[in-house]
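Chain and residue survey
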Amino acid sequence: MSMTDPIADFLTRIRNAIRASHETVDIPASTFKKELAKILKEQGYILSWETIAPTPERPAELIHIQLKYTDDRRSAISGLKRVSRPGQRYYAPSAKIPRVQGGMGTAIISTSKGVMTGHDARKAGVGGEVVAHVW
């Protein structure tokens, strides 16, 4: 069976791993998911990520994400929310890109200049599809 929303699956796997207090999570790879992982790393929500090459037993490439926790085992990610879905896309012009948690969170935007944070999209003056909110 094919997956209808791989981005929601990406976010849900991270959310489930955090709830179960896992150190790492493996997610099927795609170019867009690699960009999301790169943004999560740049914004300090995860420790690291890397791609794992396919093997004969597992023919698909994976993204291996190392989650970030505080000393008292609280996750650096408080919440993840998929905003634009396959059934209801959400686009925002550069002037109306949402601020997440009053500027304390991150909006991830897919623009004509690539995937970037809401802050970077505002600075570049481009709008696009609001993919997710992270806080």
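As the structure is a computational prediction, the values presented were derived from the model and not from experiment.

Section: the packing of helix α1 (residues 6-19) against helix α2 (residues 31-42)
- At a minimum axis separation of 10 Å, α1 and α2 run at an interaxial angle of 40°. The pairing of α1 with α2 is recorded here as oblique in orientation. The way α1 lies across α2 gives a crossing that is right-handed. Residues Pro-6, Ile-7, Phe-10 and Ile-14 of α1 pack against Phe-32, Lys-33, Leu-36, Ala-37 and Leu-40 of α2.
- A class-by-class count of the residues in the contact of α1 with α2 yields eight nonpolar, no polar and one charged.

Some remarks on the sheet that holds strand β2 (residues 46-52)
- Read from one edge to the other, the open sheet built from three strands follows the order β1-β3-β2, with strand pairing classed as antiparallel. Sheet topology places β1 (24-28) and β2 at the edges, where each strand pairs with a single neighbour. Strand after strand, the sheet turns through a mean of 20° between neighbouring axes, direction not considered.
- Pairing geometry for β2 and strand β3 (residues 62-67), over six bridges, is antiparallel. Each residue of the ladder has a partner; that of Trp-49, found in β3, is Ile-65.
- Here α1 sits on the sheet and contacts β1 and β3; the angle it forms with β1, its principal contact strand, is near 165°.
- The strands touched by α2 are β1, β2 and β3; relative to β2, the strand with the most contacts, the crossing angle is about 155°.

A look at the pattern of salt bridges
- Under the counting rule described, the total for this entry stands at six salt bridges.
- Across the pair Glu-129 and Arg-89 runs a salt bridge whose closest N-O atoms are separated by 3.0 Å. Of this pair, Glu-129 sits in strand β8 (residues 128-134) while Arg-89 sits in the loop between β4 (80-82) and β5 (91-92), and the two are 40 residues apart along the sequence.
- Its relative accessible area of 42% is what places Arg-89 among the partly exposed residues.

About the criteria used
- Residues numbered from 1 in each chain as written.
- Predicted model: local features only at pLDDT ≥ 70, side-chain atom pairs only at ≥ 80, totals over all residues.
- Heavy atoms only, no water.
- Axes fitted to C-alpha atoms, helices over the stretch in contact; angles between N-to-C directions.
- Helix = DSSP H or I, 4+ residues; strand = E, 2+ residues; numbered from the N terminus.
- Parallel < 35°, antiparallel > 145°, perpendicular 65-115°, else oblique.
- Left-handed = near helix turned anticlockwise from the far one by under 90°.
- Contact = heavy atoms within 4.5 Å.
- Nonpolar A, V, L, I, M, F, W, Y, C, P; charged D, E, K, R; others polar.
- Pairing = 2+ DSSP bridges.
- Salt bridge = Lys/Arg side-chain N within 4 Å of Asp/Glu carboxyl O.
- Buried < 20%, exposed > 50% of the residue type's maximum accessible area, 1.4 Å probe, protein only.

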